[in-house]
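Read off the chains here:
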Amino acid sequence: MSRITTPYRYDFVGSFLRPQALKDAKEAFQAGEITKEELDRVIDEEITKVVAKQKELGFHVITDGEFRRTFWHLDFMWGFEGVEHEHTGKGVQFNGVLAVLDDTYLVGKIKAKKHPFVEYFKFLKQFEDENTVAKYTIPAPAQTFQQMIIPANYETTRKFYPTNEELIEDIGKAYQDVIKQFYDAGCRNLQLDDCTWGAIVGDAAKQRYKALGIDLEEVKAQLLKVNNLALEAKPDDMIITSHICRGNYNSAYFTSGAYDTVADYVFAQENVDALFLEYDDERSGGFIPLGKVSEDKKVVLGLITTKTPELEDKEAVIARIREAAQYIPLERLCLSPQCGFASCEIGNKLTEEEQWEKLRLVKEIAEEVWN
């Protein structure tokens, strides 16, 4: 088993643009022109290629690019008992674009079962070597919790869970089970992708919750509770990180706002080993909240955007790293893009080569800063 752990000085969130061969194969499968086995064979081939590319670029963390899923979060939820989904053409409004997502809702109590993502991880793990470690990404427990209490799901969820506390308890236990499944499969580096904190920052979120008559501080406490409950049985030799994002769909964002209002919760109290933080533009606010990060955590600064193809100015990024180091020691900092390149299979508005150029820049800057 590899001795390398995440986060690395130069890292990435996990998803990559889907290659044309994969897009064509999925379209052919949906049209009934190829079998599921033929589609899976193409996916295996493309994962093999994308892992080779990550190694070629000199990265020590490898992922499968999330090539087996349509959505970064919903596909994982479908792996629990009690969860169903349907494609209705509806979705969530992002900045200037509708994110078309499958309706995902409860049909019973949430329970863990043999999760298909664990088998996906096993395929990735075969590519580990002495220089690389396989990282797998799944949505945070808080993301699953929030999915089940969105307005469209609230009434259905209450049929099975009269209170949020009961829902939190079952989600936490289900995640504990799946985390153990990953561990038993040899996974030592797991990343929880979490848009829930990013969705409640800023004045707009404050006003929205106030209008709904919901106590925002209670919401924060519930997000923290479900995430930490899921981590209670985490093995000591398993690294679990969290990636906090404000939404990323076809280069559009969902919310804006600084971390100040959630730092006392997620930065100070969430029991993860590191935080991947979105810091690619002014929507993310300043670095002062980094002073709230507990001393047992590292922070991965997402200073390189995945939303546009233009390369950042190297010296400007280095200056921002130095600025962040005023609030948290440089030795506890790392660098990465602020999000994945294709949180959903539609992907962001850049080419595969532009994607790789972004990662080359991340590595170049990190090697200069942490020589």
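Throughout what follows, the structure given in this document is the object of discussion. (Residues numbered from 1 in each chain as written. Predicted model: local features only at pLDDT ≥ 70, side-chain atom pairs only at ≥ 80, totals over all residues. Heavy atoms only, no water.)

## Comments concerning the environment of Thr351
Part 1: You can see Thr351 is positioned in the loop between β12 (333-337) and α13 (352-369).
Part 2: For Thr351, a relative accessible area of 41% translates into the label partly exposed.
Part 3: A sequence separation of 43 residues divides Thr351 from Thr308, and the C-alpha atoms of the two residues are 9.8 Å apart. (Helix = DSSP H or I, 4+ residues; strand = E, 2+ residues; numbered from the N terminus. Buried < 20%, exposed > 50% of the residue type's maximum accessible area, 1.4 Å probe, protein only.)

## Brief notes about the pattern of salt bridges
Part 1: The final tally for this structure, using the stated rule, is 25 salt bridges.
Part 2: The salt bridge involving Lys135 is made with Asp11; its shortest N-O contact spans 3.6 Å. Of the two residues, Lys135 is situated in the loop between β6 (133-134) and β7 (136-139) and Asp11 in the segment before α1 (20-30); the sequence distance between them amounts to 124 residues. Taken individually, Lys135 and Asp11 each receive the classification buried, so the pair is uniform in this respect.
Part 3: Because the salt bridges share partners, they merge into one network encompassing Arg246, Glu278, Asp281, Arg283 and Lys307. (Salt bridge = Lys/Arg side-chain N within 4 Å of Asp/Glu carboxyl O.)

## Some points on the packing of aromatic side chains
The geometry of two aromatic rings is summed up by the distance between their centres and the angle between their planes.
Part 1: Going through the model one piece at a time under the given rule, you end up with 20 aromatic pairs.
Part 2: Arranged with centres 5.5 Å apart and planes meeting at 45 degrees, the rings of Phe76 and Tyr175 form a pair that is tilted. You can see Phe76 sitting in helix α3 (residues 74-77) and its partner Tyr175 sitting in helix α7 (residues 164-184), a full 99 residues away along the chain. Taken individually, Phe76 and Tyr175 each receive the classification buried, so the pair is uniform in this respect.
Part 3: Centre to centre, the rings of Phe117 and Tyr120 are 5.3 Å apart; their planes meet at 40 degrees, and the pair counts as tilted. (Phe/Tyr/Trp six-rings, centres within 6.5 Å; stacked < 30°, edge-to-face > 60°.)

## Quick word on the packing of helix α5 (residues 141-148) against α7
Part 1: Closest axis-to-axis distance for the α5/α7 pair is 10 Å, and the angle between their directions is 140 degrees. Considering the angle they form, α5 stands oblique to α7. Crossing handedness for the pair α5 and α7: right-handed. Contacts from Pro141, Thr144, Phe145 and Met148 in α5 reach Asn164, Leu167, Ile168, Ile171 and Tyr175 in α7.
Part 2: Across the contact of α5 with α7, the residue classes break down as 7 nonpolar, 2 polar and no charged. (Axes fitted to C-alpha atoms, helices over the stretch in contact; angles between N-to-C directions. Parallel < 35°, antiparallel > 145°, perpendicular 65-115°, else oblique. Left-handed = near helix turned anticlockwise from the far one by under 90°. Contact = heavy atoms within 4.5 Å. Nonpolar A, V, L, I, M, F, W, Y, C, P; charged D, E, K, R; others polar.)

## Examining the packing of α7 against helix α10 (residues 216-230)
Part 1: It is the contact of α7 with α10, at a shortest axis distance of 7 Å, that shows an interaxial angle of 30 degrees. The angle between α7 and α10 places the two elements in the roughly parallel class. Of the two possible hands of crossing, α7 and α10 adopt the one that is right-handed. Contact residues: α7 offers Asn164, Glu165, Ile168, Glu169, Ile171, Gly172, Tyr175, Gln176 and Ile179, while α10 offers Gln222, Lys225, Val226, Leu229 and Ala230.

## Looking at unusual backbone geometry
Part 1: The step from Thr6 to Pro7 runs through a cis peptide bond, and the omega angle for that step is -5 degrees.
Part 2: Examined against the element boundaries, Pro7 turns out to sit in the segment before α1.
Part 3: Even without being a glycine, Glu66 presents a positive backbone phi close to 60 degrees.

## What to know about the side chain of Thr70
Part 1: For Thr70, the location among the structural elements is in the loop between β1 (61-62) and α3.
Part 2: On the basis of relative accessibility, which here comes to 18%, the residue Thr70 falls in the buried class.
Part 3: In terms of polar contacts, Thr70 uses its side chain to reach the side chain of Lys26, at 2.7 Å. (Polar contact = N/O pair within 3.5 Å; in protein donor to acceptor, adjacent residues only side chain to side chain.)

## A closer look at the nonpolar core
Part 1: Judged by nonpolar contacts, the single largest core of 108 residues is most densely connected at Ile110, Phe182, Phe267, Leu290 and Leu301.
Part 2: Looking at which element gives the most residues to this core, the answer is α7, with 8 residues.
Part 3: Discounting residues that sit within four places of it in the chain, Ile110 has contacts with Phe80, Glu81, Val83, Thr144, Met148, Tyr161, Leu167, Asp170, Ile171 and Ala174. (Core = buried A, V, L, I, M, F, W, Y, C linked by side-chain atoms within 4.5 Å.)

## Re the sheet that holds β7
Part 1: Across the sheet, 6 strands lie side by side as β7-β8-β9-β10-β11-β12; this open sheet has parallel pairing. Looking at which strands have only one partner, the edges of the open sheet turn out to be β7 and β12. Taken pair by pair, the neighbouring strands of this sheet meet at an average axis angle of 25 degrees, ignoring direction.
Part 2: One ladder, built from 5 bridges, connects strand β10 (residues 274-278) with strand β11 (residues 298-304); its direction is parallel. By the bridge assignment, Phe276 is partnered in β11 with Val300.
Part 3: The strands touched by α5 are β7 and β8 (189-194); relative to β8, the strand with the most contacts, the crossing angle is about 35 degrees. (Pairing = 2+ DSSP bridges.)

## Quick word on α5
One turn of the α-helix equals 3.6 residues, which is why residues spaced by three or four share an orientation.
Part 1: Taking burial as the measure, the 8 residues of α5 include 8 buried ones, the bulk of the element.
Part 2: What α5 keeps buried is the set Pro141, Ala142, Gln143, Thr144, Phe145, Gln146, Gln147 and Met148.

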